[in-house]
Amino acid sequence: MILIRGLYKSFENEGKEMEVLKDVNLVIEDGDIFGIIGPSGAGKSTLIRCLNLLEKPNKGEIIVDGVNITSLNGKKLRDLRKNMGMIFQHFNLLQNSTVYKNIAFPLEISGYSKDFIDKRVMELLELVDLKDKKDAYPSMLSGGQKQRVAIARALALNPKYILSDEATSALDPLTTRSILGLLKSLNKKYGLTIILITHEMEVVKEICNKVAFINDGRIIEWGNTYDLLNFPKSAEVKQFIKESSLRIDKEGLLKNVS
Ligand SMILES: Nc1ncnc2c1ncn2[C@@H]1O[C@H](COP(=O)(O)OP(=O)(O)O)[C@@H](O)[C@H]1O
Ligand SMILES: [Mg+2]
């Protein structure tokens, strides 16, 4: 379980302090697929990066399984990061390494034996259905296949949490479906807790059991997806839902034309 309490984060921009997260409070329970949705620049990436301390909060607490992580360093910080696999919009694969090597990478830097790594990588390739691409380079893969490699790499060290920052935003609707399907099956099969950032309402509807709306660094509303989408309380969330469905309709229309 992750408890976020009174979280603040600011950046300095040209000598000026810019507050990007303002009193964020959330509870992410084990087994959740927790969506964080909001417009560009709202602070979503900064929030998720605070969870593995890629960004250090200015104030507040993040309690992961009973431990306040905000002041961790050394081995304890490394252990936290091993427990939080991360996937990104642009996959962040090593371009000059094969699929096998990309997935093996976190295992190699953690010092596992060659035999262990070989067994684990083969398991992961099977899990993401890419056994036949073992020796391919990222440039030879489709977007969906690249994201599968990234997911396998994120799972290599057996994390409890997956942090997903717009992981389907560069993919077409059909591929998005298949990647979301994979994440959902990992959640079901292994009880993986997924924290998923998106700006697309469709993604939230498809797999998130909980959702938080963030705008300008503040959580506007959060709770069960069903309740929030059907009975939003704030004008901001109502408007966001309305705009999102317009966007989806428009995209659907464009797709039909092309
Ligand atoms: N390292 C940084 N230094 C300065 N400003 C940053 C940094 N990272 C993000 N920001 C600013 O913080 C705000 C929120 O960014 P971000 O968390 O990336 O939003 P989102 O992911 O919702 O689009 C933006 O105004 C962005 O320019
Ligand atoms: Mg972002």
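Notes on the structure follow. Bear in mind that the values here come from a model prediction, so they are computed numbers and not experimental data.

The rules behind these values
- Residues numbered from 1 in each chain as written.
- Chains lettered and ligands numbered in written order.
- Predicted model: local features only at pLDDT ≥ 70, side-chain atom pairs only at ≥ 80, totals over all residues.
- Heavy atoms only, no water.
- Core = buried A, V, L, I, M, F, W, Y, C linked by side-chain atoms within 4.5 Å.
- Buried < 20%, exposed > 50% of the residue type's maximum accessible area, 1.4 Å probe, protein only.
- Helix = DSSP H or I, 4+ residues; strand = E, 2+ residues; numbered from the N terminus.
- Patch = residues over 30% accessible without salt bridge, like charges linked within 9 Å, V, L, I, M, F, W, Y side chains within 5 Å.
- Areas by Shrake-Rupley, 256 points an atom, 1.4 Å probe, with all protein chains shown as cover.
- Salt bridge = Lys/Arg side-chain N within 4 Å of Asp/Glu carboxyl O.
- Expected span 1.5 Å × (residues − 1).
- Contact = heavy atoms within 4.5 Å.
- Pairing = 2+ DSSP bridges.
- Phe/Tyr/Trp six-rings, centres within 6.5 Å; stacked < 30°, edge-to-face > 60°.
- Polar contact = N/O pair within 3.5 Å; in protein donor to acceptor, adjacent residues only side chain to side chain.
- Axes fitted to C-alpha atoms, helices over the stretch in contact; angles between N-to-C directions.

1. A closer look at the nonpolar core
In terms of nonpolar packing, the biggest core is built from 48 residues, with Ile87, Ile103, Val121, Ile151, Leu183, Leu196 and Phe213 touching the most fellow members. Tallying contributions element by element places helix H5 (residues 143–155) first for this core, with six residues. Counting 30 residues, the second largest nonpolar core, distinct from the first, contains Leu21, Val24, Ile28 and Phe34.

2. Some remarks on a nonpolar patch on the surface
Judged by side-chain polarity, Leu94, Phe105 and Ile109 come together as a nonpolar surface patch covering roughly 280 Å² of accessible area. In this fold, leucine 94 is placed in the loop between strand E6 (84–88) and helix H3 (99–109).

3. Some remarks on H5
An ideal rise of 1.5 Å per residue puts 18 Å on 13 residues; H5 measures up with 18 Å between its terminal C-alpha atoms. Counting buried positions along H5 gives ten out of 13 residues, so the element sits mostly inside the fold. All buried positions along H5 are accounted for by Gly144, Gln147, Arg148, Val149, Ala150, Ile151, Ala152, Arg153, Ala154 and Leu155. Where H5 is buried, its residues meet E6, H3, helix H4 (114–127), strand E7 (161–165) and helix H6 (173–190).

4. As for the pairing of strand E9 (residues 210–215)
In terms of residue burial, E9 counts as a mostly covered element, since five of its six residues are buried. Where strand E3 (residues 33–37) lies against E9, four bridges are found, and the strand directions are parallel. Residue pairing across strands places isoleucine 37 opposite phenylalanine 213, the latter belonging to E9. Sheet topology places E9 next to strand E10 (residues 218–224); six bridges connect them, and they run antiparallel. In the sheet register, asparagine 215 faces E10, and the bridge partner there is arginine 218.

5. Some thoughts on the packing of aromatic side chains
Note on aromatic pairs: each is described by the distance of the centres and the angle between the planes. Inspection of every chain in the model, using the stated rule, returns four aromatic pairs. Between phenylalanine 34 and tryptophan 222, the aromatic rings sit 6.0 Å apart at their centres with planes inclined by 40 degrees, giving tilted as the arrangement. Of this pair, phenylalanine 34 sits in strand E3 while tryptophan 222 sits in strand E10; the two residues are 188 residues apart in sequence, bridging distant segments of the chain. On the basis of relative accessibility, which here comes to 0%, the residue phenylalanine 34 falls in the buried class. Assessed through its relative accessible area of 36%, tryptophan 222 is described here as partly exposed.

6. Re the side chain of threonine 98
Here threonine 98 shows up in the loop between E6 and H3. In this structure threonine 98 touches Lys134, Asp135, Ala136 and Tyr137, once residues within four positions along its chain are discounted.

7. Considerations on the environment of asparagine 187
With respect to the helices and strands, the residue asparagine 187 is situated in helix H6. Here asparagine 187 falls in the buried class, since its relative accessible area comes to 13%. In this view, asparagine 187 contacts Gly31, Asp32, Ile33, Leu192 and Ile194; residues no more than four positions away in its chain are not counted. Within the structure, asparagine 187 has its side chain in polar contact with the backbone oxygen of leucine 192 (distance 2.8 Å).

8. Quick look at the sheet that holds E3
If you trace the six strands from one edge of the open sheet to the other, you get E6-E7-E8-E3-E9-E10, paired in mixed fashion. Of all strands in the sheet, those bounded by a partner on one side alone are E6 and E10. Across this sheet, the average inter-strand angle for adjacent strands is 15 degrees, counted without regard to direction.

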